[in-house]
Amino acid sequence: ETGYRLWLRYDRIENPDLLEKYRSQIKSINFEVKSEMAGVAKKEILLALNGLLGKKVTLDATNLASLIIGTPESSSVIKAMVTANEIPNSPEGFLIKTFITNSQLKIVICAKNDKGVLYGVYHFIRLLQSNSSLDKLNNNQSPTIKNRILNHWDNLDGTVERGYAGSSLWEWHKLPGFTPTRYTDYARANASIGINGTVLNNVNTNALSLTVPYLLKTAALAKVFRPYGIKVYLSARFSAPIELGGLKTADPLDPQVKQWWIDKTKEIYQYIPDFGGFLVKANSEGQPGPQNYGRNHADGANMLADALAPFGGIVMWRAFVYDDKVPDDRAKQAYNEFKPLDGKFRENVLVQIKNGAIDFQPREPFHPLFGAMPATPVMMEFQLTQEYLGFSTHLAYLGTMFKETFSSDTYSKGKGSTVAQVISGKLDEHQLTAIAGVANIGSDVNWCGHPFAQSNWYAYGRLAWNPEFSADQIAEEWIRLTFTNDQLALTAINKIMMESRETIVNYMTPLGLHHIMARNHHYGPGPWVKNAGREDWTSVYYHKADSIGIGFNRTATGSNAVAQYFPVVAEQFGDVKQVPEKYLLWFHRLKWTDQLKSGNTLWNELVEHYYDGAKAVDSMQVTWQGMKGKIDDDRHEEVAQLLKIQFSEAKWWRDACLLYFQSFSKLPLPAGYEKPQHDLKYYQNLKFNFVPGIKN
Ligand code: BDP
């Protein structure tokens, strides 16, 4: 069992009674196909039924079939059975309903169009895989967010920035001629969880991807993805008019530059008529952008938006900007640059905002821009690839993290103005809505490196479909589809997943600490990192530990980043007594001996979190051992090995960080804690000569 099949495993239902029941309920299928998309849906349902039921279901074009699939237009049987207003109006919604006629059970999967049918089919398969009852289905669903997109940080040379699962999926050198089955399987996996867009190339982009040879390659991928309802997008290099067009400038207000983008965009649509649009990283970490010409982000985004508008394309303009020349708290910069531009963007522009204001840390408070730009559609950017969470070695289920951000209340329009409400467009009444997940997918046989890293791809898709789903429910669903329906195993694995991210926070960055990873590659501890070329790339900038205390004062007496939040939140975060302890050192600077809610001093509390974190990994190992025989040996063994590494690295994190902080606090480890194995120097001298995802 390699893990290649992801959650699309269609092995025969194990429970014999249930298998019999399903076999008696699904004997024949009526699915009239009139489009390529319906064709792939039909292929998938037949594949799934043949596998799950372990026998071929017969095709029956009459109303006597037990499973009837299609749209009212494509199927007269559906038209006769389902009233039009029962079917969701949304272009991607579906209805799955059980009917009993003449004491015969019939199940209908229908939608207004084939995209909804495709999603309905995948949902129905999920119901079977998770052993749900079909007796009384009445499931009417539509996605909350319209554009549900993966961002690949894949380079044209096959490397993946911050990618830990092998090299890039896209074999540019063999495209457009060669499109292996893997591309189709990628599309199937995405469609099965409702992902409907993919940005193929890195945000730190190369203008080459906009040249005709690469557009032909992109068009070949688009052709594979199209029947699965997935659009392709490209990261656009802002200086492409200079690099490709030979112009002297990329100034967004220059008529020649504008024309260049208009022509280029037209050309793209000739090759890819349903091209989705551009993702842009500009004036961030050395990337070119409108500010190079004294213009602002809206000037840049609007120029591209105008070129895309005639074709229905969108611009996703990233708010991940910071500059060490700006002498202020890095956490404040995106808000300072973007908030004044609210309402100045064209209708087809979204501002793409990372979940937190720094950079995909194991825990960050929500980004203050959410709720702060009511006149602009803003979208979420989550990172599925575990850049700061132990790569694909550590087990981190991020469903809980995504939910933590979604359910944060911005108070922008009073209580209940959650980030999810902002992103879904409900709060500020936007029609254009989107979400991005930085992909954790590569050429590894199991796609994501760690068998559990697949759950983050899965959870991302499910939450993008509906941010109200619970992390717990999604984890359970994923385990059922990926491993087993065994109740004991479900409970145990679910517990591991639900606790995993908090465990990592504990042994890496407890109590609001952040960005104390090793320099550059971000693997392993590096709280001592200083002199990294720029201050906001050092750890000491973020934790500010000295003999008196630790923490970044972001209150009114410090950088005042709290003031970027709406008053209720600003007051809570800004008050050391009210701030949730998980964000304590993010917003406050405390003395080592200050007393926390538990009665512990800050120092002792830090120690406790670090030790709890490492201990929790040990417990995960024990629980996992109990899964032997409950799931296949191959994946069991892989995870066991990875957990072993994780345990030793959790202790490495714990000991390195505590020894380092202790060199300031000068306080002892409270009694009863096992001593670090080495001294601080040892940890500081550890070197990594090869780390994936970064050029050494
Ligand atoms: C940081 C990564 C860097 C990315 C950047 C971004 O370290 O590799 O290019 O974010 O999001 O997390 O643009």
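Quick caveat: nothing in here was measured; it's all calculated off a predicted structure.

Trainee: How would you explain the pairing of strand S4 (residues 94-101) if you had to name every residue and give the values?
Mentor: Looking at chain direction, S4 and strand S6 (residues 138-141) are connected through four bridges and run antiparallel. Each bridged residue has a counterpart across the sheet, and for Lys97 the counterpart in S6 is Asn138. The sheet contact formed by S4 and strand S5 (residues 104-110) spans seven bridges and is antiparallel. Bridge assignment links Thr101 to a residue of S5, and that residue is Gln104. If you look at the hairpin formed by S4 and S5, you'll find two residues sitting between the two strands, and Asn102 has a positive phi there, around 50 degrees.

Trainee: Break down the domain arrangement of the protein for me, with residues and values.
Mentor: If you check the domain split of the protein, you get domain 1 (16-141), domain 2 (147-482) and domain 3 (505-552 + 589-685). Inter-centroid distance (C-alpha atoms) of domain 1 to domain 2 is 33 Å. Taken together, the contacts link 12 residues of domain 1 with 10 residues of domain 2. Secondary structure elements with two or more residues in the side of domain 1 that touches domain 2: helix H2 (36-53) and helix H4 (114-129). Sort the elements by how many residues they give to the side of domain 1 that touches domain 2 and H4 lands first, with six residues. Its residues assigned to classes, the side of domain 1 that touches domain 2 shows five nonpolar, three polar and four charged.

Trainee: Any chance you could break down the pairing of strand S9 (residues 231-235) for me, citing the residues and the numbers?
Mentor: By the criterion of burial, S9 is predominantly enclosed, with five of the five residues buried. Direction of pairing for strand S8 (residues 197-199) relative to S9: parallel, over a ladder of three bridges. In the strand pairing of S9, Val199 is matched with Tyr233. Each parallel crossover has a hand, and for S8 linked through helix H6 (residues 212-225) to S9 it is right-handed. Examined bridge by bridge, S9 and strand S10 (residues 277-280) share two bridges and lie parallel to one another. Pairing of Leu234 across the sheet is with Phe278, part of S10.

Trainee: Describe in detail helix H15 (residues 487-508), supporting the description with residues and values.
Mentor: Between its first and last C-alpha, H15 extends 32 Å over 22 residues, near the 32 Å set by a 1.5 Å rise per residue. Of all the bends in H15, the largest measures some 40 degrees and sits at Ser500. When we look at burial in H15, the residues that qualify are Ile493, Ile496, Met497, Ser500, Arg501, Glu502, Thr503, Ile504, Val505, Asn506, Tyr507 and Met508.

Trainee: Residue-level account of the sheet that holds strand S14 (residues 434-438), with values.
Mentor: The strands making up a sheet associate through hydrogen bonds between their backbones, and the pairing can be parallel or antiparallel. Taken together, the eight strands give a closed barrel; going around it, the order is S7-S8-S9-S10-S11-S12-S13-S14, and neighbouring strands pair in parallel fashion. The sheet shows a mean angle of 25 degrees between the axes of neighbouring strands, taken without regard to direction. Judged from the four bridges that link them, strand S11 (residues 314-318) and strand S12 (residues 349-354) form a sheet pairing that is parallel. Directly across from Trp317, in S12, lies its bridge partner Val351.

Trainee: Give a detailed account of helix H8 (residues 255-271), specifying residues and quantitative values.
Mentor: Under the 1.5 Å per step criterion, the end-to-end length of H8 is 25 Å for 17 residues, consistent within 8% with the ideal 24 Å. Every buried residue of H8 is listed here: Val257, Trp260, Trp261, Thr265 and Ile268. One side of H8 holds all its buried residues, which, seen down the axis, span an arc of 130 degrees. Exposed residues on H8 whose side chains face more than 90 degrees from its buried face are Pro255, Gln256, Lys266 and Gln270. Summarising the contacts, the buried residues of H8 are in contact with H6, helix H7 (240-243) and helix H9 (297-308).

Cut-off values and rules
Sequence positions are assigned chain by chain, starting from 1 and proceeding in written order. Residues qualify for local features only when their pLDDT is at least 70, as the model is predicted, and side-chain atom pairs are given and counted only at 80 or more; totals for whole chains, interfaces and linings, by contrast, use all residues. When DSSP finds two or more bridges between a pair of strands, those strands are recorded as paired. We count a stretch as a helix when DSSP gives it H or I for four or more residues in a row; a strand needs E for two or more, and each element gets its number in order from the N terminus. Residue ranges labeled as domains rest on an automatic or database domain assignment. What counts as a contact is two residues whose backbone-derived C-beta atoms lie within 7 Å of each other. The nonpolar class holds Ala, Val, Leu, Ile, Met, Phe, Trp, Tyr, Cys and Pro. Asp, Glu, Lys and Arg form the charged class, and all remaining residues, Gly among them, are polar. Three exposure classes are used, all based on how many other C-beta atoms lie within 10 Å of a residue's own C-beta (placed from the backbone): buried at 20 or more, exposed at 12 or fewer, and partly exposed between those limits. With its strands directed away from the observer, a crossover is right-handed exactly when the path from the first strand over the helix to the second travels clockwise. The span you would expect from a helix comes to 1.5 Å times its residue count less one. Note that the bend at a residue is defined as the angle between axes fitted to the seven residues ending at it and the seven residues starting at it. Axes here refer to lines fitted to C-alpha atoms; in helices the fit is confined to the stretch in contact. Angles between the N-to-C directions go from 0 to 180 degrees. Arc, as used here, means the arc of the directions from the helix axis to the C-beta atoms.

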